[in-house]
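# Observations on the three-dimensional arrangement
So the chains spell out like this:
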Amino acid sequence: MSSPAPAHSAGSRVRDRRGRGMRGPAITPTQPGRPELPTRGERFDELVLETVRDIDTRWQERLGLVEYAVEDTPQLPEDWTGDTVPLASLVRGHGTTATRLVIFRRPIEHRCETRADLEAMVLTVLVEQVAELLGIDADDVDPRYRRDD
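Overview of the structure.

## Re helix α3 (residues 115-134)
Over its 20 residues, α3 runs 28 Å from end to end, which matches the ideal 28 Å to within 8%, given 1.5 Å per residue. On the buried face of α3, the contacting elements are α1 (40-63), β1 (66-71), β2 (88-91), β3 (99-104), α2 (105-110) and α4 (138-141).

## Some details on the pattern of salt bridges
All told, the structure shown has 9 salt bridges when counted by the stated rule. In this structure, Arg58 engages Asp142 in a salt bridge whose closest nitrogen and oxygen atoms are separated by 3.2 Å. Taken as a pair, Arg58 in helix α1 and Asp142 in the segment after α4 lie far apart in primary sequence, 84 residues in all. Residue class for Arg58 comes out partly exposed when judged on its relative accessible area of 43%. Overall, the relative accessible area of 0% leaves Asp142 in the buried class. Between Glu67 and Arg100 there is a salt bridge whose closest N-O contact spans 3.5 Å. Of this pair, Glu67 sits in strand β1 while Arg100 sits in strand β3; the two residues are 33 residues apart in sequence, bridging distant segments of the chain. Because the salt bridges share partners, they merge into one network encompassing Arg40, Asp72, Arg105 and Glu109.

## Quick word on the environment of Asp72
Tracing the backbone through its elements, the reader meets Asp72 in the loop between β1 and β2. Classification of Asp72 by relative accessible area gives partly exposed; the value is 42%. As a C-alpha pair, Asp72 and Ile108 span 36 residues in sequence and 9.6 Å in three-dimensional space. Once residues within four sequence positions are removed from consideration, Asp72 is found in contact with Phe104, Arg105, Arg106 and Pro107. At 3.0 Å, the side chain of Asp72 and the side chain of Arg105 are in polar contact.

Thresholds, definitions, all that
Within any chain, residue numbers begin from 1 and follow the written order of that chain's sequence. Note on the predicted model: pLDDT of at least 70 is required for a residue's local features to be given, and 80 or more for side-chain atom pairs to be given and counted; whole-chain, interface and lining totals, by contrast, use all residues. The basis for every side-chain value is the complete set of non-hydrogen atoms in the structure, without hydrogens or water. Each helix is a run of DSSP H or I of at least 4 residues and each strand a run of E of at least 2, with the numbering of both proceeding from the N terminus. The span one expects for a helix is its residue count, reduced by one, times 1.5 Å. Contacts are assigned to residue pairs with any non-hydrogen atoms lying within 4.5 Å of each other. Here a salt bridge means any side-chain nitrogen of Lys or Arg lying within 4 Å of a carboxyl oxygen belonging to Asp or Glu. Exposed residues in this analysis have more than 50% of their type's maximum accessible area, buried residues have under 20%, and partly exposed residues fall in between, with area computed by a 1.4 Å probe over protein chains only. Pairs of N or O atoms are called polar contacts if they sit within 3.5 Å, as long as, within protein, a hydrogen donor faces a hydrogen acceptor (for residues adjacent in sequence, only side-chain-to-side-chain pairs).

Quick look at the structure:
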């Protein structure tokens, strides 16, 4: 005969039959199907937006019409021979066509270990792209920029 299963005491944690513990989200979303906490991509988008606001406000008159975008990864051609993956793409506009500056999230995140590293990398990439667009030194674009030696 088998012995009955042990009763759980009031203070013990209830685990599933395989001992893994609670499954599913720890926070119930207020909108079904939408995560309550921002995703990694949403946090990255917000970081880029904050940095772009600072730079664009300072240089708006000289920059003209610029579209900023975030993509997960660059689409590299099959014959790509570079050793590194691009972190951003800058396509200059002509006439009424806006200049397009695209930041690639995954290659940037891959190079960063901490949130501070990520913030510094996003600032560096954006400042260097804007400096190239304006034809000025990156040190002049934003006082927070530090050139890696």
